[in-house]
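Commentary on secondary and tertiary structure
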Amino acid sequence: MIQLSLPAKSKTAAAAVVLLACAWSVNYKLELGGPIITVAAAAAALYGYRRAQSHAAPVRAKVWCGIYTVLVSLAIVAGRDVHYIGARGTAEENYLDWGLDSLAASLALAVLLYPALLALYRFTVRRPLGAAERRPPCRRVLLVMWALIFVCWTPYLLTFYPAGIVGDGALTLEEALAPGVPSGNHWVVLVILTLRFFLWLGSLFKSDPHFGVFLYAVAQSLLLALACAAVSYKLWRLGAPRWAAWGSAAMYALSGFFASYGMVLWKDTLFSAAVVWLALQLWELKENGPDWKWCVRFSLTALFLCFWRNNGLYVLVLCLAAVAVLLRRKSVRLLACGLAVVVFTMVVTGPVYDALHIRKDSISESLSIPLQQIAATIVSGAELTEEQQEFLYGLLPREEWIASYHPSLSDDLKGNDLLDTQQLEARFGEFLKVWAQLLPANFGTYVEAYLMQTLGFWQPGAFLGNYNDYWIGVQDVADRGWHLSDWIYFLIGYSPAQTLQRNTRFVASGTAVWLMILAAVLILAQGRDRRRLLILAPFAASWAVLMLAVPIAYSYRYIFMLAVGFPLVCVLPFCSTRTSSPVPSNRKETCI
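A quick note: this is a predicted structure, and the numbers were derived from the prediction, not measured.

Looking at the packing of helix H3 (residues 59-80) against helix H4 (residues 100-126)
Two numbers describe how H3 lies on H4: the axes approach to 7 Å, and their chain directions differ by 135 degrees. Taken together, the axes of H3 and H4 are oblique relative to one another. Along this stretch, H3 crosses H4, giving a crossing that reads as right-handed. In this structure, H3 uses Ala61, Lys62, Cys65, Gly66, Tyr68, Thr69, Val70, Val72, Ser73, Leu74, Ile76 and Val77 to contact H4, whose residues at the interface are Ser102, Leu103, Ala105, Ser106, Leu109, Ala110, Leu113, Tyr114, Leu117, Leu118 and Tyr121. Grouping the constituent residues of the contact of H3 with H4 by class yields 17 nonpolar, 5 polar and 1 charged.

So this is what it looks like as structure tokens:
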């Protein structure tokens, strides 16, 4: 990065010229505006570098801030180079138009952003939330926040009665309505049984199954509202300004984004709430290690994660790895609990499910990205050896590889009826060998295929594809007569449906990912209390697992936990995990 070691006018002028050139390069590539934008960006960066010179940061902070600015700049510019028309766009319609001009603009943008990152680092160091600012426990605050959030969500529950029955949720509901033992674990056995319970509970009051679905939506909304309230309450306990704590509660309460997720029949909602709950539990972990009560709560949360989503087990394993690295000797008891949960989960989903004839997911579900990369290679016309052709076209005919390939959606490929999943599983090692053989000669194709498949989880500021998904609505996949009823319209003769549906936008998923990474970078730059990284571990693990097997480029529900934990991630660089939090005796504390 630029160094202004001397205040000489000549060096200042030279730096100004360089920054002006960088600003012009960025403005030309991103088309941000006229020359005023270029000059303003260069002037702001020059001022930032001069401030950085007079307020020297340690080398550690400079390195971490530099790494982050380069990576986020690459993501911003690459994100602008994306051409996307829809999930099922072809390779000619969905592609990444990256070139040397993009690389130059990325480096120029990094130069401009670097002093801003250093300024943010200095701000977190100078404005920490210390123990003296913390507030004593007050359950009334938590209850008020919980009630506030849930009450504000009730218009959605009443307007779109009984719930959002769409996509995977509609198919899971069909599985719940089928008698007997669940046929497979793709829609997750625990989710199916939970839906069955609420359908049974609803039948005690009304014969209409809509009421049972509504009871599930209410229960799920209550649990999600509790997780959101717990985040706001944590901010309040940490001593954050009251406007910040109560403002975060108001954000949850007034946003249709969260209300919609509360009432949709997806397993992602409660899974995300559990991830946030796990992060809050790790924050409460005592410095000398967990006691048995904490271990019980942790184990219950871990069990829910593992049995509510099939990838929950991998999220837990990554969290345990972070625990082992960050806590070391103090992690023994926690690791024992976590590993016990892992073993128990593997026994139940393995031999027990086999005994009950519950099918496991096909291996193709975990190979979304490698399958996409091989398909992209075939579509690009790359040369294959006879052995590679025999193996790959034995799994799926060549014309199907080409016809099923959509750069931003793997469902048509991994779910192709002609894909021989039994052979794929039996010859999995050979599949990985062929994938690795094709990598060196098709490295660029592999990278582009990966980036296009994971767009929504690294591309900042994108509101494309299934950003809003289709939370509110009904897909009656088996013609059972599922339909929505607007009870507010029935009661008062006015429907707020259109107004409520317009209020469903939040921070873009890719932006939320980069904010999570920024929090981690600031903690590493500070070089103190790195146990805070442990609190980010459940979020980072969820994102990492997703980036290995995501089936669609844009779908916020897979990373919804970052939205629920958004205030927590933002405040983390300002906080400490020290458990001692005395409140000065001369400080007057009110509960609210």
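Notes on the pattern of salt bridges
A complete count under the given rule lists 13 salt bridges for this structure. In this structure, Lys234 and Glu284 form a salt bridge, with 2.4 Å as the shortest nitrogen-oxygen distance. Remark: Glu284 occurs in the loop between helix H11 (267-283) and helix H12 (292-308) and Lys234 occurs in helix H8 (residues 209-238); sequence separation between them is 50 residues. In this structure Lys234 comes out as buried when scored by relative accessible area, which is 10%. For Glu284, a relative accessible area of 45% puts it in the partly exposed group. Across the pair Asp411 and Lys414 runs a salt bridge whose closest N-O atoms are separated by 3.8 Å. You can see Asp411 and its partner Lys414 sitting in helix H18 (residues 411-414), 3 residues apart, about one turn around the helix. Overall, Asp411 belongs to the partly exposed group, its relative accessible area being 36%. Through salt bridges with shared partners, a single ionic network connects Asp168, Asp268, Arg309 and Arg557.

Remarks on the environment of Val545
Among the structural elements, Val545 can be located in helix H25 (residues 532-549). Sequence separation between Val545 and Leu318 is 227 residues; the distance between their C-alpha atoms is 8.8 Å. Those residues in contact with Val545 that sit more than four places away from it in its chain are Asn311, Tyr314, Val315 and Leu318.

Notes on the side chain of Ser73
You can see Ser73 is positioned in helix H3. On the basis of relative accessibility, which here comes to 0%, the residue Ser73 falls in the buried class. Within the local environment of Ser73, its side chain forms a polar contact with the backbone nitrogen of Ala110, the two atoms lying 3.2 Å apart.

Some points on helix H20 (residues 428-438)
Within the sequence span of H20, burial applies to Phe431, Val434 and Leu438. Down the axis of H20, the smallest arc covering the buried residues is 65 degrees, so these residues share one side. Exposed side of H20, more than 90 degrees from the buried face: Gly429 and Lys433 are the residues found there. Buried-residue contacts for H20 involve helix H15 (368-379), helix H16 (386-395), helix H19 (421-426) and helix H21 (443-453).

A few points about the packing of aromatic side chains
If you walk through the whole model with that rule in mind, you get 30 aromatic pairs. Centroid distance Phe257 to Phe258: 5.2 Å. Interplanar angle 85 degrees. Geometry classified as edge-to-face. The exposure class of Phe257 is buried, given its relative accessible area of 0%. An angle of 15 degrees between the planes, with centres 3.9 Å apart, marks the rings of Tyr261 and Phe560 as stacked. Here Tyr261 is found in helix H10 (residues 256-263), whereas its partner Phe560 is found in helix H26 (residues 560-564), with 299 residues between them in sequence. Sitting over the ring of Phe271, Arg309 keeps its end group 5.7 Å from the ring centre.

Definitions and limits used
Residues numbered from 1 in each chain as written. Predicted model: local features only at pLDDT ≥ 70, side-chain atom pairs only at ≥ 80, totals over all residues. Heavy atoms only, no water. Axes fitted to C-alpha atoms, helices over the stretch in contact; angles between N-to-C directions. Helix = DSSP H or I, 4+ residues; strand = E, 2+ residues; numbered from the N terminus. Parallel < 35°, antiparallel > 145°, perpendicular 65-115°, else oblique. Left-handed = near helix turned anticlockwise from the far one by under 90°. Contact = heavy atoms within 4.5 Å. Nonpolar A, V, L, I, M, F, W, Y, C, P; charged D, E, K, R; others polar. Salt bridge = Lys/Arg side-chain N within 4 Å of Asp/Glu carboxyl O. Buried < 20%, exposed > 50% of the residue type's maximum accessible area, 1.4 Å probe, protein only. Polar contact = N/O pair within 3.5 Å; in protein donor to acceptor, adjacent residues only side chain to side chain. Arc of directions from axis to C-beta. Phe/Tyr/Trp six-rings, centres within 6.5 Å; stacked < 30°, edge-to-face > 60°. Lys NZ or Arg CZ within 6 Å of the ring centre and 35° of its normal.

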